[in-house]
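# A look at the structure
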There are 4 protein chains.
Amino acid sequence: MNDAPVDSVALHRYFQRDRFARLVGLEVLEIAPGYARVRMPLREDLHNGLGIAHGGAIFTLADMAFAVASNSHGTVAVGVNTSMSFLAAASTGTLTAEAVEVSRGRKLATYTVRITDEAGAVIAIMQGTVYRKDQPLELDTPGS
Amino acid sequence: MNDAPVDSVALHRYFQRDRFARLVGLEVLEIAPGYARVRMPLREDLHNGLGIAHGGAIFTLADMAFAVASNSHGTVAVGVNTSMSFLAAASTGTLTAEAVEVSRGRKLATYTVRITDEAGAVIAIMQGTVYRKDQPLELDTPGS
Amino acid sequence: MNDAPVDSVALHRYFQRDRFARLVGLEVLEIAPGYARVRMPLREDLHNGLGIAHGGAIFTLADMAFAVASNSHGTVAVGVNTSMSFLAAASTGTLTAEAVEVSRGRKLATYTVRITDEAGAVIAIMQGTVYRKDQPLELDTPGS
Amino acid sequence: MNDAPVDSVALHRYFQRDRFARLVGLEVLEIAPGYARVRMPLREDLHNGLGIAHGGAIFTLADMAFAVASNSHGTVAVGVNTSMSFLAAASTGTLTAEAVEVSRGRKLATYTVRITDEAGAVIAIMQGTVYRKDQPLELDTPGS
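Residues numbered from 1 in each chain as written. Chains lettered and ligands numbered in written order. Predicted model: local features only at pLDDT ≥ 70, side-chain atom pairs only at ≥ 80, totals over all residues. Heavy atoms only, no water.

### Examining the relation of the copies chain A and chain B
Note on the chain copies: they are related by a rotation about an axis and a translation along it. Of the transformation superimposing chain A on chain B, the axial component is 0.0 Å and the angular component is 180°, with the fit at an RMSD of 0.0 Å. The transformation relating the two chain copies, once decomposed into turn and shift, fits a two-fold axis. Across chain A, the smallest distance between a C-alpha and the rotation axis is recorded for Ser83 of chain A, namely 2.1 Å. In this assembly, 100% of the residues forming the interface of chain A have copies in chain B that are likewise at the interface, indicating an isologous arrangement. (Least-squares fit on C-alpha atoms with pLDDT ≥ 70 in both. Contact = heavy atoms within 4.5 Å.)

### Remarks on the relation of the copies chain B and chain C
Once chain B has been moved 0.0 Å along the axis and rotated by 180°, it coincides with chain C to within an RMSD of 0.0 Å. Most of the interface of chain B is mirrored in chain C: 100% of its interface residues are interface residues there too.

### With respect to the interface of chain B and chain C
If you look at the interface, chain B gives seven residues, while chain C gives seven residues. Summed over both sides, the interface between chain B and chain C buries roughly 580 Å², with carbon and sulfur atoms accounting for 60% of that surface. Considering only the side of chain B, the residues that lose the most area to chain C are Asn81, Leu108 and Tyr131 of chain B, jointly responsible for 58% of the buried surface there. On the surface where chain B and chain C come into contact, there are zero salt bridges. Our count for the chain B to chain C interface comes out at two residue pairs in polar contact (both at pLDDT 80 or more). Among the secondary structure elements, those contributing two or more residues to the side of chain B that touches chain C are strand S3 (75-86) and strand S6 (122-136) of chain B. (Buried area = accessible area lost by both parts, 1.4 Å probe. Salt bridge = Lys/Arg side-chain N within 4 Å of Asp/Glu carboxyl O. Polar contact = N/O pair within 3.5 Å; in protein donor to acceptor, adjacent residues only side chain to side chain. Helix = DSSP H or I, 4+ residues; strand = E, 2+ residues; numbered from the N terminus.)

### Quick notes on helix H3 (residues 55-71) of chain D
When the terminal C-alpha atoms of H3 of chain D are compared, their 24 Å separation across 17 residues agrees well with the 24 Å that a helix rising 1.5 Å per residue should span. Counting buried residues in H3 of chain D gives 16 out of 17 residues, a clear majority hidden from the surface. (Expected span 1.5 Å × (residues − 1). Buried < 20%, exposed > 50% of the residue type's maximum accessible area, 1.4 Å probe, protein only.)

### Observations regarding the sheet that holds strand S2 (residues 35-41) of chain A
With antiparallel pairing, twelve strands are arranged side by side in an open sheet as S1(A)-S2(A)-S4(A)-S5(A)-S6(A)-S3(A)-S3(B)-S6(B)-S5(B)-S4(B)-S2(B)-S1(B). In the strand order of this sheet, the two ends are held by strand S1 (27-32) of chain A together with strand S1 (27-32) of chain B, each with one partner. The sheet shows a mean angle of 20° between the axes of neighbouring strands, direction not considered. Pairing between S1 of chain B and strand S2 (residues 35-41) of chain B: five bridges, direction antiparallel. (Pairing = 2+ DSSP bridges. Axes fitted to C-alpha atoms, helices over the stretch in contact; angles between N-to-C directions.)

Right, dumping it as structure tokens:
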């Protein structure tokens, strides 16, 4: 529980290496210990056949906030499971996911994620647990 | 429970309109009543910062099989919730998701999804419920 | 969404008919529209073989808060699914579950539940969805 | 993964110490490595206010099968999370839960559980993950 503070700029750079996040158009807005906020503009290529955001795209947004929050302590955390409830459809504008740490032990940690649209309506909620490895994130160090 | 049989070719065409599925590179292999099989080649742009398939990509594959199976009866079904367990990492090759209907009532139906790699190892499992609308899928009819 | 207000005393009486809640020793502390608080003293007959509260007992507490909150609008709501994360063990004292409504439509509604111990530590969290029937709760009416 | 075989009789005796299982009336029918089958007669004191089996009782049955299967390798496994879908109501007769191991690593293992009634209808399904401690079960040894 006494992880050393991690450089937020190095964390932002680390998550920019995430190629799937780039494909989907995710933008990490904020990282703090056990916390993350990520957004996703609802491009039309994120739609399903009904013309609304695909469940997979919405999940990807939540999963990214979950990953950033759980890796924010500077060690690798991998998702063990996630439960998502889809509450409302969304097709345009930008969605934002906010992940909050509920509990963190040496090996396991649990987070809740809330996805809202621009009007503040809740689109989906997620609950997820990670396994924390004894492996530091490979952060770029300035000047290296 | 006495839905009329649905034209499988028309269903395949329907799901080809899914733009996010195309972005991620999903291929619907098989559709039967309450059943679907979908695959996803693990392109490098589906990777996260650790160089393995992003949880969001793996979920999208499962969610697509879930959507195809639950819409296979010819009426619109929307995801209510999903619980996914991530069992092993995957980085190359092709993953396949198989969705099976466990229960179907007039308004709700439940599915399990299993994702395996080419060697048959289970990568992830999902359990999900849909809400079934009183709305037929807008299938193309031949000659229309 | 424009359900008439429901008599809180009649709701409390209604949930006293729940025999399993009585067996487990649950006490409904508070009911408000979309909200409930329930507590459970950790009797030794709620323990598992390790001498700590059984997962089934902890779930039952959460499920009761979920049921009371989702039936608080005066119509029957039945659980569709629930996802629970167990965060810490508990063996003595009293646990309290608080259920909050996140979303409510005509047929589906979603709740989060948080279980805490007497010191305020979070023991478990749950996320659950109900299906809302077009059937009023059979509440006792005063004088009947 | 190369746990030594565990004495099934000692395991049965171990789970008989579970006081909550006794309160609810659970009976462990079968234990094998990564597998368990448990049953629960639907006594009237397991009912909720609607006169059907309480979600907490049904969960407790599933959770017990999950616990027995995950502890069957002889080391302590504690539930991390569980996702349950309730598919049909049940009020009389006996329910049976069967837990099957889907994946097992050194620290985490995942199980699916299926609850059926006497006619074979699926009443509920569960998916759950445990954390495996480096702690042997305290089994009675014969003659001790």
